[in-house]
Each structure stands twice: as C-alpha cells, then as structure tokens.
Amino acid sequence: MLPLYDAHQHFQFDELAPHRPAIAATLREIGLKGAVINGSCEQDWPVVTTLAKQYDWIVPSYGLHPWDCGNRSPQWLASLRAQLEAHPLAHVGEIGLDRWMIDGVKPGDPRLDGLRVAPMEEQREAFTSQLGLAAALNRAASVHCLQAFGPLLEDLKDTPRPARGFLLHAYSGPAEMIGPFAELGAYFSFNANFLKHKSGSRSPGGYSRLQDWKLIPADRLLVETDAPAMPLPKEWTVHLLPAGPQGEKLNHPANIEVAYAALASLRKTPVEALVNQVEKNFQRLFLNHAQL
Ligand SMILES: [Zn+2]
C-alpha cells in the first residue's frame, strides 16, 4: 500500500461528526499516513486537539480563517499563541486572505451564513499577525487565498515567514506567481475539486489552469482534499458521503486517492514516484520536528 498524506483538511467540522469512525477506518484501508487538520476559528481549536489525541495520523493546526476573521473575539491572538505553545508539534492554519467573499460571492451563499465579512485591511492584519507568530515559533503556516494574490505576495514579502516554509492550499493563483511564491518558501497543494475545470480553461478567479500544476517545482508539491469542503466532480468521486445538514455535498477525505492519481496523470509521472516525492515534502514541511 502506498503511503498517502493529505496536506489540508477539516476532520473537526461538525458535518463529519456522525461519519468519523467509518471515515477513519477507510483512511487506514487506503494507506493514509498523515493529514493536517486545520482549525479555522476559536471554537473548533479544542475539537482539533481532542481528535489529534484520538487519531495518530492527525497533524493539528490552529488558526483564524479569513471567513471567521470578522467574528473573532478580542483575545483571539493571545488564545492562539497559548494553543500553539501548549502543542509544540502543531502548526498555524488555516489563515489567509479572501477577496471573493467581499465582492465575488453570490448573495445568499450558505457558506457565509452568520459571518461578518471582514474588510481586506482587517483580514491582512489578522493574516500578518498569524504569519509572524508562525515565524516566531517556526511552525508551518497553511494559507487560504481567493482572488487576493497581489496583497498576499506583498504581505508575505513584508512579514517574517516561517523558516520551514508555508503552504498555499488549493493554489488558484496565476502561473506567473508560482516562481515568486516558491522563492519565499511556498509549497502548493493540489485539490481534485479543480478537475471540474476543463483542461485549458481558467478557474473562476480567472487565474489557474489545470496544466499549471506541471509548473510547480517537484520539491514543493503537496496533495489535499480540504474535506468536507471542495467536493469532487461526480464522475471523479470514489468515496461518497451522505449530504450535510443543509443538503450540501460533503467531500470524503479518502478522495485523497483521486487527487494523487489526477496529479500524477497531469504531470505524466508514475503515481509511485509522486507518492514518494509528496511524502518527502510533507515530512520536510510538517513533520521535521528537529527544527522546532
Ligand atoms: Zn480549508
């Protein structure tokens, strides 16, 4: 069995709670060795901690997601620091910048229900303070970015960054920015949700194309699901979950298999070679505890 790693998912989300034991059994069957579980708001950090004690494949990560930025508590940054100091093997994430939720989202999108949308300046302040914390503690930072790649590059240049590097999860930025981000220490994780874009067409943000994934340097490649978010197109889905409480499609974390197979085919490389490369990259970014 090939050792698989999921660089970015959310096993702590409530929608997965009734399915967790079955999912964990399937993940063992497919050979999953590690997954970074990203806490995205103050309320779900303790859930990540509890799950990390229960499942040995979980690499915990704590952060304030840009969607949750507007609802943060006054003491959020001090709580995050305390959380990271209490868990020396944990990383920072999910953090980031999101302009889509300010001016790209369709009115009534249930994903933003009940959230106060934080303006860009507020998001940038929350992002850079978390990036600085990751740098100070030398934890990897897992970064979400939608339609804000210019400000992201500026902030990454102007802020101390973790020496071990950082992850641009489900990278949807322009091909021309892969080099500049990589120079600053970026890793890039491929998500099989991108298979919904026809080969050659651009993502809704107008940037990335499937074939851009051939341009990522091999030593910076990772693979992810973002489960239960980012469900795969129907024809690619191998592992199914029943719909969530609001009828939303849920992505099964075992679909990580599909992401590996699709990325190997895009890069015209044998799956075994990709698996070995991703294992080295995942270990260097997330499991190299000698650096901590
Ligand atoms: Zn995520």
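Residues numbered from 1 in each chain as written. Predicted model: local features only at pLDDT ≥ 70, side-chain atom pairs only at ≥ 80, totals over all residues. Heavy atoms only, no water.

Turning our eyes to something else, we now look at the packing of helix 3 (residues 76-86) against helix 5 (residues 120-137). Packing of helix 3 against helix 5 brings their axes to within 11 Å, and their N-to-C directions diverge by 25 degrees. Here helix 3 is positioned roughly parallel relative to helix 5, judged by the angle of their axes. Note on packing geometry: the crossing formed by helix 3 with helix 5 is right-handed. Taken together, the residues of helix 5 that come into contact with helix 3 (itself represented by W76, L77, L80, R81 and L84) are A126, S129, Q130, L133 and L137. Here the residues of the contact of helix 3 with helix 5 are counted per class, giving seven nonpolar, two polar and one charged. (Axes fitted to C-alpha atoms, helices over the stretch in contact; angles between N-to-C directions. Helix = DSSP H or I, 4+ residues; strand = E, 2+ residues; numbered from the N terminus. Parallel < 35°, antiparallel > 145°, perpendicular 65-115°, else oblique. Left-handed = near helix turned anticlockwise from the far one by under 90°. Contact = heavy atoms within 4.5 Å. Nonpolar A, V, L, I, M, F, W, Y, C, P; charged D, E, K, R; others polar.)

Okay, helix 2 (residues 45-54) next. In an α-helix, one turn spans 3.6 residues; hence positions three or four apart end up facing the same way. Along helix 2, the positions that sit buried rather than exposed are W45, V48, T49 and L51. Packing partners of the buried residues in helix 2 comprise helix 1 (20-30), strand 2 (32-39), strand 3 (58-62) and helix 3. (Buried < 20%, exposed > 50% of the residue type's maximum accessible area, 1.4 Å probe, protein only.)

Counting across every chain of the model gives 13 aromatic pairs. Seen from the ring of Y187, R220 lies directly overhead, with NZ or CZ sitting 5.4 Å from the centre. (Phe/Tyr/Trp six-rings, centres within 6.5 Å; stacked < 30°, edge-to-face > 60°. Lys NZ or Arg CZ within 6 Å of the ring centre and 35° of its normal.)

The coordination sphere of the zinc ion contains the protein donors H8 (NE2), H10 (NE2), E94 (OE) and D226 (OD), at a distance range of 2.1 to 2.3 Å. Around the zinc ion, the four donor atoms sit at angles spanning 84 to 171 degrees, and that spread fits a shape best called irregular. Positions of the donor residues of the zinc ion, expressed as sequence spacing, correspond to H-x1-H-x83-E-x131-D. Residue class for H10 comes out buried when judged on its relative accessible area of 2%. (Donors = N, O, S within 2.8 Å, 3.2 Å for Na, K, Ca; no water. Tetrahedral: all angles 85-135°; square planar, octahedral: opposite > 155°, others 65-115°.)

This part covers helix 1. For helix 1, the complete set of buried residues consists of R20, I23, A24, T26, L27 and I30. Down the axis of helix 1, the smallest arc covering the buried residues is 165 degrees, so these residues share one side. Those residues of helix 1 that are exposed and angled more than 90 degrees off the buried face are P21, A22 and E29. Structurally, helix 1 contributes buried residues whose contacts are with strand 1 (4-9), strand 2, helix 2 and helix 8 (256-266). Immediately downstream of helix 1, the backbone of G31 shows phi near 95 degrees, a positive value. (Arc of directions from axis to C-beta.)

As a packed pair, helix 5 and helix 6 (residues 149-158) sit with axes 10 Å apart at the nearest point and diverge in direction by 40 degrees. Between helix 5 and helix 6, the angle is such that the two are oblique. Both helix 5 and helix 6 take part in a crossing whose hand is right-handed. Of helix 6, the residues touching helix 5 (which contributes R124, F127, T128 and L131) are P151, L152, E154, D155 and L156. Residue composition of the contact of helix 5 with helix 6, by class: five nonpolar, one polar and three charged.

Once that is clear, we can look at unusual backbone geometry. A cis geometry characterises the amide bond from G93 onward to E94, with omega recorded as 20 degrees. Position of E94 among the secondary structure elements: in strand 4 (residues 91-98). With an omega of 10 degrees, the peptide bond running from A227 to P228 counts as cis. Tracing the chain through its elements places P228 in the loop between strand 8 (221-224) and helix 8. The phi dihedral of Q147 falls on the positive side, at around 55 degrees, and the residue is not glycine. We classify Q147 as buried; its relative accessible area is 17%. Phi at K268 takes a positive value of approximately 50 degrees, unusual for a residue other than glycine. Locating K268 in the fold gives a position in the loop between helix 8 and helix 9 (271-287). Judged by its relative accessible area of 72%, K268 falls in the exposed class.

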